[in-house]
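As a plain string of letters, each chain reads:
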Amino acid sequence: MTTAFTPIIIDNLVTAIILLDEHLTIRYVNPAAEQLLSSSKRRLLGITLPELLQYSSLDLDLIAATLQSGQGLADSDVAFVIDEQRQLLSLNASPISWQKNLFVMLELKPIDQQRRISQELSQLAQQQAAKELVRGLAHEIKNPLGGLRGAAQLLEKALPDPSYVEYTQMIIEQADRLRNLVDRLLGPQRPGIRKTDNIHLVLEKVRQLIILENDSNLVIERDYDPSLPEIDMDTEQLEQALLNIVSNAAHVLKKQNGGIIKLKTRTAHQALIQGKYARIAAKIEIIDNGPGIPAAIQDTLFYPMVTGNADGTGLGLSISQNLIDQHNGKIEVISWPGHTNFTIYLPIQ
């Protein structure tokens, strides 16, 4: 009786269940798994989990290792990317014996919306704390820099030998360079003059600037939604925010002798922005086929001075986020090798 009812129970679970063999080939999925993976059982059976996933934040070898160790695996925050869509899941992997064979049973549950809201607010608070810390340090640095520069100017006037002037000039130039860096760290502190305008005009200006600065191996594709309403914005600030992101992508692609950047716009309904739902928002995506962002810095990517580029200052994305925040919007990023997607949400009044 128990054996007969087992398939019925599993098929009616709201938890997605997947059975994998030692090669991580899918041997069984229940209806909840079909729904989660947006695919039918007929398509899923017989393919391996690595073939199904474009990206996994979890090392899939750890799942296979449960068969050798006999120990289960649990992770409360796993990202799977399937058909360009990211799924945030809690995962449990357990070795089980079924029909005289050994399998790994995956239990997958989507992370609920309330938890995602909590995570987003927590990340927002951490980023804000990091910004306040940097601003405090920046102000403390500016004061002695001003004194250093002033002392160098006075010293220059008092020097008896004009040949020494080049050294005081060097002090002044380096002080000015540091001051400019500090000013960039601080960034604009309040929105400028806003007006209702078309975001596509801003994107087109950014596209033209990037094309002029790069060679023909870089391709910029456009996929605009012409029905997207106009937005109340400071066009110069949004242009700077978008240009920083697109420039980063172009710089990375230039290192690999070219690639594709896609600029895409859509209308998003009931978008979650800074812990609140916006009834309607502009969704702007900047997608490239570069090597991806290193996993080690993805969680802190928008912090000042964090960069995966050896030649960069780590300020561009921090400034972009600051500008988007001032427009009551948000930036999200997902990345894996061969795909990076920055998504900007801007509420529409």
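Above: the structure in question.
All of the points below concern the structure found in this document. (Residues numbered from 1 in each chain as written. Predicted model: local features only at pLDDT ≥ 70, side-chain atom pairs only at ≥ 80, totals over all residues. Heavy atoms only, no water.)

A few words now on the overall build of the chain. Secondary structure summary: the chain contains eleven helices and 13 strands in total. Looking at the chain as a whole, 43% of its 349 residues qualify as buried. Within the chain, counting contacts between residues at least 6 apart in sequence, those at least 24 apart form 61% of the total. Taken as a whole, the chain presents about 19300 Å² of accessible surface, with 52% of it coming from carbon and sulfur. (Helix = DSSP H or I, 4+ residues; strand = E, 2+ residues; numbered from the N terminus. Buried < 20%, exposed > 50% of the residue type's maximum accessible area, 1.4 Å probe, protein only. Contact = heavy atoms within 4.5 Å. Areas by Shrake-Rupley, 256 points an atom, 1.4 Å probe, with all protein chains shown as cover.)

It is worth spelling out the pattern of salt bridges at this point. In the structure shown here, the tally under the stated rule is eight salt bridges. Between Arg27 and Asp21 there is a salt bridge; the shortest N-O distance is 3.0 Å. One salt bridge connects Glu332 with Lys330, and the closest N-O pair in it is separated by 2.8 Å. Several salt bridges share partner residues, and in doing so they unite Glu204, Arg207 and Arg222 into one network. (Salt bridge = Lys/Arg side-chain N within 4 Å of Asp/Glu carboxyl O.)

This paragraph deals with the nonpolar core. Counting 40 residues, the largest nonpolar core has Ile199, Leu242, Ile261 and Phe342 as the members making the most contacts within it. When residues of this core are assigned to their parent elements, the largest contribution, nine residues, is made by helix α9 (residues 235-255). Setting aside residues up to four positions removed in sequence, Leu242 forms contacts with Ile199, Val202, Leu203, Val206, Ile284, Ile286 and Ile344. Core analysis: the second largest hydrophobic core is formed by 28 residues, Ala16, Ile63, Phe80 and Ala93 among them. (Core = buried A, V, L, I, M, F, W, Y, C linked by side-chain atoms within 4.5 Å.)

Strand order across the open sheet formed by five strands is β8-β10-β11-β13-β12, with mixed pairing between neighbours. What marks the edges here is a single partner per strand, and that holds for β8 (218-223) and β12 (330-336). Ignoring strand direction, the axes of neighbouring strands in this sheet form an average angle of 20°. Pairing of strand β11 (residues 276-288) with strand β13 (residues 339-347), which is carried by eight bridges, proceeds in the antiparallel orientation. From the neighbouring strand, Asp288 faces β13, where its bridge partner is Thr340. Running over the sheet, helix α8 (residues 199-213) touches β8, β10 (259-273) and β11 and is turned about 170° from β8. Most of the contacts of α9 go to β10, to which it runs at about 140°, and overall it touches β8, β10, β11, β12 and β13. (Pairing = 2+ DSSP bridges. Axes fitted to C-alpha atoms, helices over the stretch in contact; angles between N-to-C directions.)

The contact between α9 and helix α11 (residues 316-326) brings their axes to 9 Å, and the two run at 145°. Where α9 crosses over α11, the handedness of that crossing is left-handed. Seen from α9, the contacting residues are Gln237, Leu238, Gln240, Ala241, Asn244, Ile245 and Asn248; seen from α11, they are Gly316, Leu317, Ile319, Ser320, Leu323, Ile324 and Gln326. Among the residues making up the contact of α9 with α11, the classes are represented as seven nonpolar, seven polar and no charged. (Left-handed = near helix turned anticlockwise from the far one by under 90°. Nonpolar A, V, L, I, M, F, W, Y, C, P; charged D, E, K, R; others polar.)

This paragraph deals with the packing of α8 against α9. With their axes 9 Å apart at the nearest point, α8 and α9 run at an angle of 40° to one another. As far as their axial angle goes, α9 and α8 are oblique. The two elements α8 and α9 cross, and the hand of that crossing is right-handed. Where α8 abuts α9, its residues Ile199, Val202, Leu203, Lys205, Val206, Leu209 and Ile210 lie against Thr235, Leu238, Glu239, Leu242, Leu243, Val246, Ser247 and Ala250. Grouping the amino acids of the contact of α8 with α9 by side-chain chemistry returns eleven nonpolar, two polar and two charged. (Parallel < 35°, antiparallel > 145°, perpendicular 65-115°, else oblique.)

Turning next to the sheet that holds strand β3 (residues 55-56). Strand order in the open sheet made by the six strands is β2-β1-β6-β5-β4-β3, with antiparallel pairing throughout. A strand with exactly one partner marks an edge of an open sheet, and here the two such strands are β2 (26-29) and β3. Across five bridges, the pairing between strand β1 (residues 16-20) and strand β6 (residues 101-110) is antiparallel. Residue Leu19 lies in a different strand from β6, and its bridge partner there is Met105. Helix-sheet contacts for helix α5 (residues 60-69) involve β1, β3, β4 (73-82), β5 (85-98) and β6, and the interaxial angle to β6 is about 135°.

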